[in-house]
Amino acid sequence: MDARQLKVEAARAALVHVSDGMRLGIGTGTTADAFVRLLAEKVATGLTVIGVPTSERTAALCRELGVPLSTLEETPELDLTIDGADEIDPALTLIKGGGGALLREKIVAAASKRMIVIADQSKMVETLGRFPLPIEVNKFGLRATEIAVRAAATGLGLAGPVTLRMTGGQPFVTDGGHFILDASFGRIPDTRALSNALFAIPGVVEHGLFIGLASTAIIAGGDGIQTVHAARKPGSSIDHDVA
Ligand SMILES: O=C(CO)[C@H](O)[C@H](O)COP(=O)(O)O
């Protein structure tokens, strides 16, 4: 099975956790798109859910396929968010934002009782950082913010290129109207310290480290589906089931 098929299998396994009447956060990316397509089939045969999309892209797909939508203004508390990720570590800390939707994704995940992350096995890593960390920044003061991001990283012993994300020769602009800096720091041994350092920079709107948000990861690989549950409290172990 190739990565695209594995993403569909992870999305299919996540659908089991969706029940009638749920208020769902719906993620962004190719894995989340696979979930939306499967969800739409269930909706067409009678499943009643309301979805809050994490991007304009996901909203458009949901509308096209007939998945009923709401907003966080109308539906500020959600039962479950299902979303993809760029990297997942064993504690279910994530790097997200490869698709540029990290701000809305984090707001929606934080408004949910549970977040299930769905991915193919290539996304699992021992230590986050192989994938460049997306950092959403205000357009104002871009250069100063970039310098501050580099300095914050240096203070933590991290270094590497920090590049402005481009698309079609222009800076990529998020749904929130911001730019994205992709920071290739390599291994990030202390995600909490980096998160705190980035949030101390006024021009940083959000970053793609999702710490303590995912409750479960559904990972599809050649051997089947692996379900990983985050520890409920610090120090408790993480359960791994292979189905
Ligand atoms: O964080 C994201 C979008 O902002 C995506 O979840 C992440 O980039 C994974 O994408 P894909 O499912 O296409 O591999």
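Reading guide: rules and limits
Residues numbered from 1 in each chain as written. Predicted model: local features only at pLDDT ≥ 70, side-chain atom pairs only at ≥ 80, totals over all residues. Heavy atoms only, no water. Near = heavy atom within 4 Å. Polar contact = N/O pair within 3.5 Å; in protein donor to acceptor, adjacent residues only side chain to side chain. Areas by Shrake-Rupley, 256 points an atom, 1.4 Å probe, with all protein chains shown as cover. Nonpolar A, V, L, I, M, F, W, Y, C, P; charged D, E, K, R; others polar. Helix = DSSP H or I, 4+ residues; strand = E, 2+ residues; numbered from the N terminus. Axes fitted to C-alpha atoms, helices over the stretch in contact; angles between N-to-C directions. Parallel < 35°, antiparallel > 145°, perpendicular 65-115°, else oblique. Left-handed = near helix turned anticlockwise from the far one by under 90°. Contact = heavy atoms within 4.5 Å.

Caption draft 1: Structural view of the site of the ligand. Around the ligand lies a shell of 17 residues, among which T30, T31, D86, G97 and K123 are the nearest. With respect to the ligand, the side chain of T31 contributes an N or O atom lying 2.5 Å from an oxygen atom. Look at the ligand: alone it shows 370 Å² of surface, and the protein chains cover 92% of it. Here the shell around the ligand is built from residues that sort into two nonpolar, nine polar and six charged.

Caption draft 2: Spotlight on unusual backbone geometry. Phi at L92 is positive, roughly 65°, even though this residue is not glycine. Relative to the assigned elements, L92 resides in the loop between β4 (87–88) and β5 (94–95).

Caption draft 3: How the structure looks around the packing of helix α2 (residues 30–44) against helix α3 (residues 56–65). Look at α2 against α3: their axes get within 10 Å of each other, and the N-to-C directions meet at 20°. One way to sum up the angle between α2 and α3 is to call them roughly parallel. Here α2 runs over α3; the crossing is right-handed. Contacts from T30, D33, V36, R37 and A40 of α2 reach α3 at R57, T58, L61, C62 and L65.

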